[in-house]
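# Breakdown of the fold
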Amino acid sequence: MRIKNKFWGRSMEVQPLGTCNLFLPRWNEKYRWNKVTTCIHNMLGGQRWVDQYGEMLIQCNDITCKLEFYKAAYWSEKASEVSGVITDPQGTVIHQLFGKWNEAFYCGVAPSARCIWRPGAMAQDCETYYGMTRFAIELNELEPEMAKYLAPTDTRFRPDQRALEEGLLELAEGEKLRVEQLQRERRKNRDETNIEYQPRWFRKVEQGSQECWEYNSQYWDQRKDPGFMNQTFTKLW
């Protein structure tokens, strides 16, 4: 998954390129989906707000789900709305889906449709944490006991991200510049020595005309033996 940004003066589009893949071995289900465009409005002033739009295609074995995220507009009442269908291998619609990506999602036909998703609970001080849900906040939690088992490249150790989360904006900005400079120096060094970067936990595979990255199943084995504390890693921050 790569990100392409477009700045339009007062707004910025974030366009994810590629697909996400998830395999659930217990049920032998392989999911594959793309992400839609995210647009942040009023970047330079006023009340910022986020819109998401485009088509999302989710495939699981021989079942397909097609969702349309509607773009907000002054003349339209479809802001944040999503609708779609789930089809079987023959293309027959077996479920209808609708709702809003920021409120709730339903399966079926109104008014008897069943709610299948709602946003997670908001933390009491969620405004301090950029409006994230409790689940999103806890994703970056770094417990002392857990820290000694993590690879030093784990983004929970990234200093600018941690400072931003704690509200230390000046420190976060300085750390961000330092981390980005380290990135530029590593890339320059690889270009000068003609060394191709090799990801540690993923391998590149070709799926038709698309370039994909597949998990190589080595992370947990190396965490257990010999352990990340006994391995050498490139300094990222």
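Just so it is clear, the model here is predicted, and its values are computed rather than measured. In this convention, every chain numbers its residues from 1, walking through the sequence in written order. Totals for whole chains, interfaces and linings use every residue, but because this is a predicted model, local features are given only for residues with pLDDT of at least 70 and side-chain atom pairs only at 80 or more, for both listing and counting. Side-chain metrics in this entry use all non-hydrogen atoms of the structure; hydrogen atoms and water are not considered.

### A short note on the overall build of the chain
Heads up, the condition is: Each helix is a run of H or I in the DSSP string that is no shorter than four residues. Each strand is a run of E no shorter than two, and both are numbered from the N terminus. Under the scheme applied here, a residue whose accessible area is under 20% of the maximum for its type counts as buried, over 50% as exposed, and between as partly exposed, the area being computed with a 1.4 Å probe on protein chains only. We call two residues contacting when some pair of their heavy atoms lies within 4.5 Å. With residues, only the protein chains shown are counted as cover, and all accessible areas are computed by Shrake-Rupley using a 1.4 Å probe. Asp and Glu count as negative and Lys and Arg as positive, but His and the ends of the chain are not part of the count. Charge positions come from single atoms, namely NZ of Lys, CZ of Arg, CG of Asp or CD of Glu.
A tally of helices and strands in the chain yields five helices and 13 strands. In terms of overall dimensions, the chain has a C-alpha envelope of 60 × 45 × 40 Å along the principal axes. Scored against the burial criterion, the 237 residues of the chain give a buried share of 24%. Of all intrachain contacts in the chain linking residues separated by at least 6 positions in sequence, the fraction that spans at least 24 positions is 27%. Carbon and sulfur atoms make up 53% of the accessible area of the chain, which amounts to about 17500 Å² in all. With 33 positive and 33 negative side-chain charges, the chain shows a separation of 3 Å between the mean positions of the two kinds.

### Quick notes on the state of the cysteines
Stated precisely, the cut-off is as follows: Two cysteine sulfur atoms make up a disulfide if the distance between them is within 2.5 Å.
The full count for this structure, using the stated rule, is zero disulfides. Of the cysteine sulfurs around Cys 115, a residue in no disulfide, the closest is that of Cys 107, at 11 Å. On the basis of relative accessible area, Cys 115 is assigned to the partly exposed category, the value being 32%.

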